[in-house]
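Working through the structure, step by step
Listed below are the residues making up each chain.
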Amino acid sequence: MKVKTLSVGTIQANCYIVYDENTKETIVIDPGDESDLILKVIAHENLDIKYILLTHGHYDHIDAVDDIRAVTKASVMIHVDDHEMLTDTKKNMGSRSIKPADVLLRNGDIINFGAYQLQVIYTPGHTKGSCCYYELNEKICFSGDTLFKGTVGRTDLYGGDYSAILESVRKRLSIVDDDTVVYPGHGPETTMAYERKVNPYVR
Ligand SMILES: [Zn+2]
Ligand SMILES: [Zn+2]
């Protein structure tokens, strides 16, 4: 499984292009801005975009969704509890609303592409429908704005809930193995073991 990281937009959200090098089947996670750049990488690697997967509904993770969807015809997926944010600029805090998603996710759903499977882990707190996506065999987890290196996401915005995010990173993410690489919505990657040892919100 290959992971390409692009930091996009004014507040540098991480967009991840995740693919099977054999089949070229690909998932784009959180295309928050700079659709031209994302589409250039997709074209250059000759990737087949199956899904556009969203960790939550804030503008810095969704703003390029409709541009990418129009070109690739990929299905857009978000947790059912954040779906309302796509079409509502008061809730997503952006300047544009996105068309409704094609697939609504729930905890435990499995997303297949190429030889890989991402498991949906529902992790509310940063928003009502924040999710992490976990590839058990590859030991990779995309954590959105729920878990960052050394900290967690803010909970003072629409749908935020401090006790919920603590429960998410301590209990809901407890199924994630220590030696898993965590790719967050902003900033550098980390590991689950490092967070359990160092992150005051997790340990
Ligand atoms: Zn956010
Ligand atoms: Zn963000």
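None of these values were measured; they are calculated from a predicted model.

Re the sheet that holds strand β10 (residues 140-144)
Sheet strands pair by backbone hydrogen bonding; their relative direction is either parallel or antiparallel. The sheet built from six strands is open, its strands ordered β7-β8-β9-β10-β13-β14 with mixed pairing. Both outer strands of the open sheet, β7 (110-113) and β14 (190-191), are each paired with one neighbouring strand and no more. When strand β13 (residues 181-184) meets β14, the two strands line up antiparallel, connected through two bridges. Residue pairing in the sheet places Val 181 in a bridge with Thr 191 of β14.

Details of helix α6 (residues 162-170)
Burial in α6 covers these residues: Ile 165, Ser 168 and Val 169. Looking down the long axis of α6, one finds its buried residues gathered within 85° of arc, a one-sided arrangement. Summarising the contacts, the buried residues of α6 are in contact with β11 (147-148) and β12 (151-152).

Topic: helix α3 (residues 65-72)
The set of residues buried in α3 consists of Val 65, Ile 68 and Arg 69. Axial view of α3: buried residues confined to an arc of 100°, hence all on one face. On its buried face, α3 is in contact with β3 (25-29), α1 (35-44), β4 (48-53), α2 (59-62) and β5 (75-79). Where α3 terminates, the next one or two residues include Lys 73, which has phi positive at roughly 60°.

A look at the nonpolar core
Formed by 53 residues in total, the largest nonpolar core has its most connected members in Val 28, Ile 52 and Met 77. If one sorts the elements of this core by residue count, strand β2 (residues 13-19) sits on top with six residues. Non-local contacts of Ile 52, meaning those with residues more than four positions away in its chain, are made with Val 28, Pro 31, Val 65, Ile 68, Arg 69, Ala 74, Val 76 and Met 77.

Overview of the packing of α1 against α3
For the pair α1 and α3, the least separation of the axes is 9 Å and the interaxial angle reads 35°. Judged by the twist between their axes, the crossing of α1 over α3 is right-handed. Within the contact between the two elements, α1 uses Ser 35, Ile 38 and Leu 39 and α3 uses Asp 67, Ile 68 and Val 71. Taken together, the residues of the contact of α1 with α3 break down into four nonpolar, one polar and one charged.

So, unusual backbone geometry
The phi torsion at Asn 46 lies on the positive side, around 60°, for a residue other than glycine. You will see that Lys 73, though not glycine, has its phi angle at about 60°, which is positive. Assignment of secondary structure puts Lys 73 in the loop between α3 and β5.

Observations concerning the environment of Gly 9
Structurally, Gly 9 is set in the loop between β1 (2-8) and β2. Residues Gly 9 and Val 152 lie 143 residues apart in sequence; the distance between their C-alpha atoms is 21 Å. Excluding residues within four positions of it along the chain, Gly 9 makes contact with Gly 32, Asp 33, Glu 34, Asp 60 and Asp 63.

Rules behind the numbers
Residues numbered from 1 in each chain as written. Chains lettered and ligands numbered in written order. Predicted model: local features only at pLDDT ≥ 70, side-chain atom pairs only at ≥ 80, totals over all residues. Pairing = 2+ DSSP bridges. Helix = DSSP H or I, 4+ residues; strand = E, 2+ residues; numbered from the N terminus. Buried ≥ 20, exposed ≤ 12 C-beta atoms within 10 Å, placed from the backbone. Arc of directions from axis to C-beta. Contact = placed C-beta atoms within 7 Å. Core = buried A, V, L, I, M, F, W, Y, C linked by C-beta atoms within 7 Å. Axes fitted to C-alpha atoms, helices over the stretch in contact; angles between N-to-C directions. Left-handed = near helix turned anticlockwise from the far one by under 90°. Nonpolar A, V, L, I, M, F, W, Y, C, P; charged D, E, K, R; others polar.

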